[in-house]
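Descriptive analysis of the structure
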Amino acid sequence: DYKVTGVQTCALPISGRSDPARPTRTDTRLAAEPRRMNVTMSESAGGFVSRRAQRRLVDRLRDRGICSERVLAAIASVPRHQFLEEALQSRAYEDTALPIGYQQTISQPYIVALMTECLLNGRPRLRTALEIGTGCGYQAAVLSQVVDRVFTVERIAPLARRAQTTLAELGIHNVAVRHADGREGWSAKRPFDGIMLTAAPDSVPQALFSQLRDGGVLVAPEGDTGAQRLSSWILKDGKTQKQFIADVSFVPMLSGVKS
Ligand code: SAH
């Protein structure tokens, strides 16, 4: 899952990319107070290492070209180790995807940050966002810091349940998890300011574009395993403008649900 193979530059707001040498920083003002989370550290020494490792991860993401201070603050505020089984928690702040069971993975932090930045597209904050492919819930937790209400859909029931539990334990109450086939989106909650796919379809289902608000952004990988392209689409007056972001490697988007 999620190995970036393309060369990355600073992810700029899509609408403002005419001069890539000069990043447009529209969001340097940080959210006033990061939301407090119920962080559990298994032991105090380990906790200390975790926090240091987490700060180093944020520095690394900045070095790799993540510009949005809001996104970096969101990564800094979500305890990634709490989305992992205990045996893997010591590796939580490596910039790598890790297994979560059911042949699925937790996304690589760099990709989570990059996709979040592209979804915001220079907007300070979104009212609503839809994620397809909850997995362990880490990306949803990061989104919860920059979006008022997050909706996320997972096709594997035990993963959806576990994500819900983890988010509740962290005191994150603005994320709704649904067990369903995400290719249909979540039409009762439309329209969304942003839609993000964290599993790759051959091409983005039309149903998802129809749930995007005018001016909204959809970020998704498309294509076969091994040759996927991450892109973003801006919807303007019924037309979408597509922009390539990076070559990536995600798990495939599958149809139907698994109990
Ligand atoms: N967003 C996760 C990583 C997701 S891994 C994170 O934060 O780490 C991709 C997830 O997409 C898997 O859990 C997989 O079961 C799910 N998935 C695949 N096809 C899907 C579909 N049609 N609808 C909903 N979820 C789907």
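Going by the structure above, here's the rest.
Notes on the structure follow. Values in this document were obtained by computation on a predicted structure and should not be read as measured data.

**Brief notes about a positive patch on the surface**
On the surface, Arg-51, Arg-52, Arg-55 and Arg-56 cluster together into a positively charged patch. In this fold, Arg-52 is placed in helix H1 (residues 44-63). Look at Arg-52 and you get partly exposed, because its relative accessible area is 40%.

**Looking at the environment of Val-78**
As for its placement among the helices and strands, Val-78 is situated in the loop between helix H2 (69-77) and strand E1 (98-101). Distance from Val-78 to Val-142, taken between C-alpha atoms, is 6.4 Å for residues 64 residues apart in sequence.

**What about the site of the ligand?**
Of all residues adjacent to the ligand, which total 29 residues, the nearest are Gly-133, Gln-139, Glu-154, Gly-182 and Leu-254. Between a nitrogen atom of the ligand and a main-chain N or O atom of Gly-133, the distance comes to 2.8 Å. At a separation of 2.6 Å, a nitrogen atom of the ligand approaches a polar backbone atom of Leu-254. If the ligand stood free it would expose 570 Å²; the protein chains cover 100% of that surface. Looking at the shell around the ligand, the elements that each hand over two or more residues are strand E2 (104-106), strand E3 (126-132), helix H4 (138-143) and strand E4 (147-154). For the shell around the ligand, the residue count by class is 14 nonpolar, 9 polar and 6 charged.

**A closer look at helix H3 (residues 109-120)**
With 12 residues, H3 should cover 16 Å at 1.5 Å per step; its first-to-last C-alpha distance of 16 Å lies within 8% of that length. Where burial is concerned, most of H3 is hidden: 12 out of the 12 residues are buried.

**Remarks on the sheet that holds strand E8 (residues 228-236)**
The pairing of strands in a sheet happens through backbone hydrogen bonds and is either parallel or antiparallel. With mixed pairing, the 7 strands of this open sheet are ordered in space as E5-E4-E3-E6-E7-E8-E9. For this open sheet the edge positions go to strand E5 (175-179) and strand E9 (239-248), each flanked by a neighbour on one side alone. Along the sheet, successive strands turn relative to each other by an average axial angle of 15 degrees, direction set aside. Across 4 bridges, E3 lies against strand E6 (residues 192-197) in parallel orientation. Bridging across to E6, Ala-129 finds its partner in Gly-194. Seen against the sheet, helix H5 (residues 157-169) touches E4 and E5 and runs at an angle of roughly 165 degrees to E5.

**Regarding the packing of aromatic side chains**
All told, the structure shown has 4 aromatic pairs when counted by the stated rule. Ring plane angle 70 degrees and centroid distance 5.7 Å describe the contact between Phe-83 and Tyr-138, whose orientation is recorded as edge-to-face. In this pair, Phe-83 is assigned in the loop between H2 and E1 and Tyr-138 in helix H4, connecting sequence segments 55 residues apart. For Phe-83, a relative accessible area of 4% corresponds to the buried category. On the basis of relative accessibility, which here comes to 2%, the residue Tyr-138 falls in the buried class. Where Phe-209 meets Trp-233, the ring centres are 5.7 Å apart and the plane angle is 70 degrees; that geometry is what we call edge-to-face. You can see Phe-209 sitting in helix H6 (residues 206-209) and its partner Trp-233 sitting in strand E8, a full 24 residues away along the chain. In textbook terms, an aromatic cluster arises when at least three aromatic residues are bridged by ring pairs, as seen for Phe-151, Trp-186 and Phe-192. Lying across the ring of Tyr-110, Arg-64 places its NZ or CZ 3.8 Å from the centre. Note that Arg-80 overlies the ring of Tyr-138, its terminal NZ or CZ placed 5.5 Å from the centroid.

What counts as what
- All residue numbers refer to position in the chain's written sequence, counted from 1.
- This being a predicted model, a pLDDT of at least 70 is required before a residue's local features are given, and a value of 80 or more before pairs of side-chain atoms are given or counted; all residues contribute to the totals for chains, interfaces and linings.
- Heavy atoms throughout the structure, all of them, feed into the side-chain values; hydrogens and water do not.
- The residues that make up patches have over 30% relative accessible area and no salt bridge, and they are joined within 9 Å when like-charged or within 5 Å when they are Val, Leu, Ile, Met, Phe, Trp or Tyr.
- Accessible surface is estimated by sampling points in the Shrake-Rupley manner with a 1.4 Å probe; for residues, cover comes only from the protein chains shown.
- The rule for a salt bridge is simple: a side-chain nitrogen of Lys or Arg has to be within 4 Å of a carboxyl oxygen of Asp or Glu.
- For the charge count, each Lys or Arg is scored as positive and each Asp or Glu as negative, with His and the chain ends excluded.
- Where a charge lies is defined by one atom per residue type, namely NZ (Lys), CZ (Arg), CG (Asp) and CD (Glu).
- Secondary structure elements are defined from DSSP: runs of H or I of at least 4 residues count as helices, runs of E of at least 2 residues count as strands, and each element is numbered from the N terminus.
- Buried means the residue's accessible area, taken with a 1.4 Å probe over protein chains only, is under 20% of the maximum for its type, while exposed means over 50%, and partly exposed covers the values in between.
- For this purpose, a residue is taken to be near a molecule or strand whenever a single non-hydrogen atom of the residue falls within 4 Å of it.
- Here a polar contact is taken to be a pair of N or O atoms separated by no more than 3.5 Å, where protein atoms must pair a possible hydrogen donor with a possible acceptor and residues adjacent in sequence count only if both atoms sit in side chains.
- Each residue is assigned to one of three groups, with Ala, Val, Leu, Ile, Met, Phe, Trp, Tyr, Cys and Pro labelled nonpolar, Asp, Glu, Lys and Arg labelled charged, and all others, Gly among them, labelled polar.
- To estimate how far a helix should reach, multiply one less than its number of residues by 1.5 Å.
- Each pair of strands is called paired provided DSSP finds at least two bridges between the two strands.
- Fitted lines through C-alpha atoms give the axes, limited to the stretch in contact for helices. The angle between two N-to-C directions lies from 0 to 180 degrees.
- The contact criterion used throughout is that any non-hydrogen atoms of two residues lie within 4.5 Å.
- In summary, the pairing rule links any two rings of Phe, Tyr or Trp, Trp by its six-membered ring, whose centres are within 6.5 Å, and it sorts them by plane angle into stacked for under 30 degrees, edge-to-face for over 60 and tilted for everything else.
- Here, a charge over a ring means that NZ of Lys or CZ of Arg falls within 6 Å of the ring centre while also lying within 35 degrees of the ring normal.

Worth remembering: the numbers are spatial, not functional.
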